[in-house]
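Summary of structural features
For reference, the chains in residue letters:
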Amino acid sequence: MKFLSYLVFVPLQLIWLPLSVVGVIMVGYRQLVVSKKLGVSQTAVEIINGRWAMDVFGLRKDRAARKLAASIPNNSVPGLWLTLFPLWLVHKALGVQFLYPTLPKPEKAGIANLVPSRTVVFDRLIEANLADAAQFVVLGAGLDTRAYGKLTQGDIAIYELDQAADQAHKRRHLAAAKIDSSQVRFVEVDFSDPNWINSLLATDYDPTRKTIFLWEGVTLYLSERSVRATLATLRQNAAPGSVVVADIYADRLVRLTKSKAVSWSLELTGEEIVFGLDCSTDAYERLQNFVASQGLRTGAHQFLGGGHKKGPFAAIVEMVI
């Protein structure tokens, strides 16, 4: 089937190539240039586009992601279709997931499919903790749409924390996309302020109730000191048994982003990838030591790309308070 997929895809892609290039330019311009003009995160667009693709290709239902992706001005859904149409056609014609987006086994996961691979692991860890949790707090929510899907079917209290500009941008376009956000408590937070937790505590958030803290796609943009400080703050302001579900990246991925092409795009909107753990050897031990050093316990976890000779490039981990 893989051979047949290539047989169909290669000539189709060659014919479609000029339109694919146009699509890449459309998406890239909106994501980089328009995000900079608006003063909002451009990397958040990459995440929602990955979720959009997962829904379009049948890997994961996320209607809110599709609607929000089409609403925000720093994205181009027509450009996405132009870029991915040959792959989508192969998917529809042959019923296979091919090249992108795909969900390889975690040990074979690659950076190209980072968003799909990590998304399903986060989904699984969140689902495993929902029965015991009274609150769901998204740290650095960006354009995440989990608060507008299955979570709305329960009685869990939902909080989204983010910087003022990014949150205002999201709320404005949630409304434009007619996505109901009435169940979400939006909390403007400046994470550079060591007292950021006070903004959450000023709401009806209850530090005595078990909470799931979702910290996805954030730690790599922070210094190690900031990561540790945030974990310490959560430990001091959450009930025992609460969990922080986060992704921790390997330093080899951090080094990869220092290339001119990647660093240029990040610097355009003032973003930089900073923090990573050395996972080249004894990855689990290093992860466990890091978590334990914060007074937390390592729960369920999944390494991505562990089959690589240099070790995994990421770990999604449940840190128990």
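Residues numbered from 1 in each chain as written. Predicted model: local features only at pLDDT ≥ 70, side-chain atom pairs only at ≥ 80, totals over all residues. Heavy atoms only, no water.

As a further point, take the environment of Val10. In this structure, Val10 sits in helix α1 (residues 2–38). For the pair Val10 and Val291, spaced 281 residues apart in sequence, the C-alpha separation works out to 45 Å. (Helix = DSSP H or I, 4+ residues; strand = E, 2+ residues; numbered from the N terminus.)

What follows concerns the sheet that holds strand β7 (residues 314–320). Strand order in the open sheet formed by 7 strands is β3-β2-β1-β4-β5-β7-β6, with mixed pairing between adjacent strands. Among the strands making up the open sheet, the edge pair consists of β3 (184–188) and β6 (297–304). In this sheet, adjacent strand axes meet at a mean angle of 20° when their direction is disregarded. For strand β2 (residues 157–162) and β3, the ladder comprises 5 bridges, and the chain directions are parallel. Pairing of Leu161 across the sheet is with Val187, part of β3. Strand contacts of helix α8 (residues 224–236): β1 (135–139), β4 (211–215), β5 (243–249) and β7, with the helix running at about 165° to β4, the strand carrying the most contacts. (Pairing = 2+ DSSP bridges. Axes fitted to C-alpha atoms, helices over the stretch in contact; angles between N-to-C directions. Contact = heavy atoms within 4.5 Å.)

Take the environment of Phe57 next. Looking at where Phe57 falls in the secondary structure, it is placed in the loop between α2 (43–56) and α3 (63–71). Expressed as a C-alpha distance, the spacing of Phe57 and Leu214, which sit 157 residues apart in the sequence, is 25 Å. If near-sequence neighbours (up to four positions away) are discounted, Phe57 is found in contact with Leu84, Leu87, Trp88, His91, Gln97, Tyr100 and Pro101.

Here we come to the packing of α2 against helix α5 (residues 114–129). One way to put it is that α2 packs onto α5 with a least axis distance of 9 Å and a crossing angle of 80°. The orientation of α2 with respect to α5, classified from their angle, is roughly perpendicular. Taken together, the residues of α5 that come into contact with α2 (itself represented by Glu46, Ile47, Gly50, Arg51 and Met54) are Val115, Pro116, Arg118, Thr119 and Val120. For the contact of α2 with α5, the class distribution of residues is 5 nonpolar, 2 polar and 3 charged. (Parallel < 35°, antiparallel > 145°, perpendicular 65-115°, else oblique. Nonpolar A, V, L, I, M, F, W, Y, C, P; charged D, E, K, R; others polar.)

A contiguous nonpolar surface patch, about 510 Å² in accessible area, is contributed by Met1, Phe3, Leu4, Leu7 and Val8. Within the fold, Leu4 resides in helix α1. (Patch = residues over 30% accessible without salt bridge, like charges linked within 9 Å, V, L, I, M, F, W, Y side chains within 5 Å. Areas by Shrake-Rupley, 256 points an atom, 1.4 Å probe, with all protein chains shown as cover. Salt bridge = Lys/Arg side-chain N within 4 Å of Asp/Glu carboxyl O.)

The next thing to look at is α5. An ideal rise of 1.5 Å per residue puts 22 Å on 16 residues; α5 measures up with 23 Å between its terminal C-alpha atoms. Residues Leu114, Val115, Pro116, Ser117, Arg118, Thr119, Val121, Phe122, Leu125, Ile126 and Asn129 constitute the buried set of α5. Of the surrounding secondary structure, the elements contacted by the buried residues of α5 are α2, β1, β4, β5, β6 and β7. (Expected span 1.5 Å × (residues − 1). Buried < 20%, exposed > 50% of the residue type's maximum accessible area, 1.4 Å probe, protein only.)

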